[in-house]
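Architecture at a glance
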Amino acid sequence: TGEPFTYTKRMRRQDTGEIRHVQVSGICERDPRGVVTGLFGVFHDITSLVEANEVREVTEARYRLLADHSNDIITVFNLFGNIEYISPAVTKILGYDPGELIGRNVRDIIHPEDYPATQGAYLTARRAELMIGSGLLPEGSLQLLCGSAGDLLDHLGEQELVWFSGSAGTARQMRAHPVIVGK
């Protein structure tokens, strides 16, 4: 047709037999009468991109298999609290069809009295993610614990620092703990 074209194909290396994925882009060259006289094109090696996508697809399929068959509600939501994914367990536990919750805010399913703690937990996780991503801390120096600390505070050493985000009640418990008070 003479129009530019793009397609992908697999090619085999002569020396190793390895399969490479390439994206071909080109145009037909024509003489003054419009007869095709040649092709001009570029082969771009996209093997690493194809392989990375294959790994991502396998990883997503595994995650989806776990999430879709878990007895616990697993959810993914954006920075504004809008639900992007929620596992089918929400039907058994809360009576919602997962599809009716996609795009809705987590506030719609969390008890109003519990929402501030949910926001706090999310902000704490995000802060920890930013701190780790900054590269300022040595690997493994920051641990995030969501939920009860159990007897963790009883085992703190001299060089350890505790940072918490929680309710006023949690703050009172932390400030009264003998290991914290003693440090």
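Quick notes on the rules
Residues numbered from 1 in each chain as written. Predicted model: local features only at pLDDT ≥ 70, side-chain atom pairs only at ≥ 80, totals over all residues. Heavy atoms only, no water. Helix = DSSP H or I, 4+ residues; strand = E, 2+ residues; numbered from the N terminus. Rg over C-alpha atoms; globule rule 2.2 N^0.38 Å. Buried < 20%, exposed > 50% of the residue type's maximum accessible area, 1.4 Å probe, protein only. Salt bridge = Lys/Arg side-chain N within 4 Å of Asp/Glu carboxyl O. Phe/Tyr/Trp six-rings, centres within 6.5 Å; stacked < 30°, edge-to-face > 60°. Pairing = 2+ DSSP bridges. Axes fitted to C-alpha atoms, helices over the stretch in contact; angles between N-to-C directions. Core = buried A, V, L, I, M, F, W, Y, C linked by side-chain atoms within 4.5 Å. Contact = heavy atoms within 4.5 Å. Patch = residues over 30% accessible without salt bridge, like charges linked within 9 Å, V, L, I, M, F, W, Y side chains within 5 Å. Areas by Shrake-Rupley, 256 points an atom, 1.4 Å probe, with all protein chains shown as cover. Expected span 1.5 Å × (residues − 1).

For the protein, the helix and strand inventory stands at six helices and five strands. Helices and strands in the protein line up, N terminus first, as β-β-β-α-β-β-α-α-α-α-α. Here the C-alpha radius of gyration of the protein, 27 Å, is well above what a compact globule of 183 residues would show, namely 16 Å. Relative to its full complement of 183 residues, the protein shows a buried share of 17%.

Moving on: the pattern of salt bridges. Where charged atoms from two side chains of opposite charge approach closely, those side chains can pair. Per the counting criterion, the structure on display carries six salt bridges. A salt bridge links Asp45 to Arg20; the shortest N-O distance between them is 2.6 Å. On the criterion of sequence distance, the pair formed by Asp45 in strand β3 (residues 36–45) and Arg20 in strand β2 (residues 19–30) is long-range, its members being 25 residues apart. Arg33 serves as the salt-bridge partner of Asp31, at 3.0 Å between the closest nitrogen and oxygen.

In the structure shown here, the tally under the stated rule is two aromatic pairs. Between the aromatic rings of Phe5 and Tyr7, the centroid separation amounts to 6.0 Å while the plane-to-plane angle is 20°, which identifies the pairing as stacked.

So, on to the sheet that holds β3. The antiparallel open sheet is built from three strands, whose spatial order is β1-β2-β3. Looking along the sheet, the strands with just one partner apiece sit at the ends: β1 (5–12) and β3. Sheet twist, expressed as the mean angle between neighbouring strand axes with direction ignored, is 35°. Sheet topology note: the β1/β2 ladder contains eight bridges and is antiparallel.

A word on the nonpolar core. In this structure, Ile83, Ile86, Val90, Leu101, Val106 and Tyr115 together form the largest nonpolar core, which totals six residues. Not counting the four nearest positions on each side in its chain, Ile86 is found in contact with Ile73, Ile74, Thr75, Pro98, Leu101, Ile102 and Ile109.

Moving residue by residue along a regular strand, the side chains alternate between the two faces of the sheet. By the bridge criterion, three bridges tie strand β4 (residues 75–77) to strand β5 (residues 83–86) in an arrangement that is antiparallel. For Thr75, the partnering residue across the bridge sits in β5 and is Ile86. The hairpin turn running from β4 into β5, its antiparallel successor, is five residues long, and Gly81 in that turn takes a positive phi close to 85°.

Time to look at a nonpolar patch on the surface. Nonpolar side chains collect at one region of the surface, where Met131, Leu136, Leu137 and Trp163 lie side by side and expose about 410 Å² of accessible area between them. The topology assignment puts Leu136 in the loop between α4 (115–134) and α5 (168–176).

Of all eight residues making up β1, only zero are buried, and the element is barely covered by its neighbours. Count of turn residues in the β1/β2 antiparallel hairpin: six residues, of which Gly17 carries a positive phi of about 80°.

An α-helix turns once every 3.6 residues. As a result, residues three or four positions apart point the same way. In this model, α4 (20 residues) spans 29 Å end to end at C-alpha, consistent with the 28 Å of a helix rising 1.5 Å per residue. Looking only at α4, the buried set comprises Tyr115, Gly120, Thr124 and Ala128. Taken from the residues just after α4, Gly135 is the one with a positive phi, measuring 75°.

Next up on the list: the side chain of His177. The residue His177 is located in the loop between α5 and α6 (178–182) in this model. Given the relative accessible area of 17%, His177 is considered buried. Leave out the neighbours within four places in its chain, and His177 touches Leu153 and Asp154.

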